[in-house]
Amino acid sequence: MEIPGYDAYGPLTHDPALLGSPMFWLGHLASLGQRETTAELLFGADFEAAAEFEQQMAERADLPFFTVPLAGGHRLHVVRRTNPDDYGTDYLLHHPAWNRALLIAADDGHFTGPGLSWPELVAAADSGLPGGSTADPHARLLLLLPAMGDVDLPASAVERLAAALGALTTVEGPHGVAVAFAEDQGPAGPARWHERDGVLVAEGAYSHRDPSNAFALPAPELARVSAALGHRR
């Protein structure tokens with residue numbers, strides 16, 4: 001498997017079985033536990049088990065990846081970089097007609113994002129489209145969650161997050177963790193989203209979807225991403 005334009009240092013391996021491991025989810029969501037209190041709620045008594053699992057992940061020579069299908073043949077690829085010197089998760093959007101995938105967020109020591117608004121995240125999780133790594137809306141939601149940042153979360157967001165955490169993790173107090181996640185929203189924090197010339201863009205100093213950033217996606221690619229994720233004029 002190759003993702004066009006993605007410079008992987010090792011072979012990509014589609015590994016949906018990882019999504020059935022509660023320890024996987026603790027590591028995947030760790031960046032959302034920026035505050036010590038949030039991390040304690042997230043890991044609880046599983047801290048050592050989660051650390052051991054992440055060590056095993058770091059020893060892999062391949063890069064596990066997962067896919068969430070979108071409308072029109074688009075796909076969101078989530079790639080776990082397992083190299084200890086370059087550990088993190090990349091979020092890439094692709095379509096077979098494109099010559100390369102577009103990086104919309106990276107969850108690592110040099111975080112870039114957010115790459116998704118809350119409505120885009122929910123639409124991807126609930127699309128019901130076949131294919132990809134999992135059909136479970138809970139798993140799709142948590143898989144994409146670290147790439148999301150949105151200042152305008154609806155009141156239902158906490159219950160939605162709590163339901164997913166309760167279904168897939170061993171977290172003892174999923175509602176408390178969901179509240180913390182909704183407040184903090186990862187390294188970049190919440191971002192404002194607005195439409196500019198028919199394209200949904202972010203206001204975030206670390207976002208590829210903020211046109212004011214030097215590393216932002218070019219205007220035509222911003223339009224592609226916006227359309228692929230469901231925004232229409």
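Each value, and the rule that gives it
- Residues numbered from 1 in each chain as written.
- Predicted model: local features only at pLDDT ≥ 70, side-chain atom pairs only at ≥ 80, totals over all residues.
- Heavy atoms only, no water.
- Buried < 20%, exposed > 50% of the residue type's maximum accessible area, 1.4 Å probe, protein only.
- Helix = DSSP H or I, 4+ residues; strand = E, 2+ residues; numbered from the N terminus.
- Arc of directions from axis to C-beta.
- Contact = heavy atoms within 4.5 Å.
- Salt bridge = Lys/Arg side-chain N within 4 Å of Asp/Glu carboxyl O.
- Pairing = 2+ DSSP bridges.

With respect to helix 2 (residues 36-43)
Those residues of helix 2 not exposed but buried are Thr38, Leu42 and Phe43. For helix 2, the arc enclosing every buried residue in end-on projection is 115°, short of the 170-degree limit, so these residues lie on one face. Of the residues in helix 2, the exposed ones pointing more than 90 degrees away from the buried face are Glu36 and Glu40. Its buried side turned inward, helix 2 meets helix 1 (22-28), helix 3 (47-58) and helix 7 (174-184). One or two residues past the end of helix 2 sits Gly44, with phi positive at roughly 50°.

Digging into the pattern of salt bridges
In this structure the tally under the stated criterion is 11 salt bridges. Residues Asp108 and Arg81 are paired through a salt bridge, measuring 2.6 Å at the closest nitrogen-oxygen approach. With a gap of 27 residues between them, Asp108 in the loop between strand 5 (102-107) and helix 4 (118-125) and Arg81 in strand 3 (residues 75-81) connect regions that are remote in the sequence. Taking relative accessible area as the criterion, Asp108 reaches 21% and is therefore assigned partly exposed. Of the charged contacts, one joins Arg209 and Glu120 as a salt bridge, the two residues approaching to 2.7 Å between their closest N and O atoms. Of the two residues, Arg209 is situated in the loop between strand 7 (199-203) and helix 8 (219-228) and Glu120 in helix 4; the sequence distance between them amounts to 89 residues. Classification of Glu120 by relative accessible area gives buried; the value is 5%. Within the structure, one salt-bridge network assembled from shared partners comprises Arg81, Asp86, Asp90 and Asp108.

Comments concerning the pairing of strand 6 (residues 192-196)
Sheet analysis places strand 6 next to strand 7, joined by 5 bridges and oriented antiparallel. Looking at strand 7, one finds that Arg196 is bridged to Val199. Hairpin remark: strand 6 followed by strand 7, antiparallel, with 2 residues in the connecting loop; positive phi at Asp197, about 55°.

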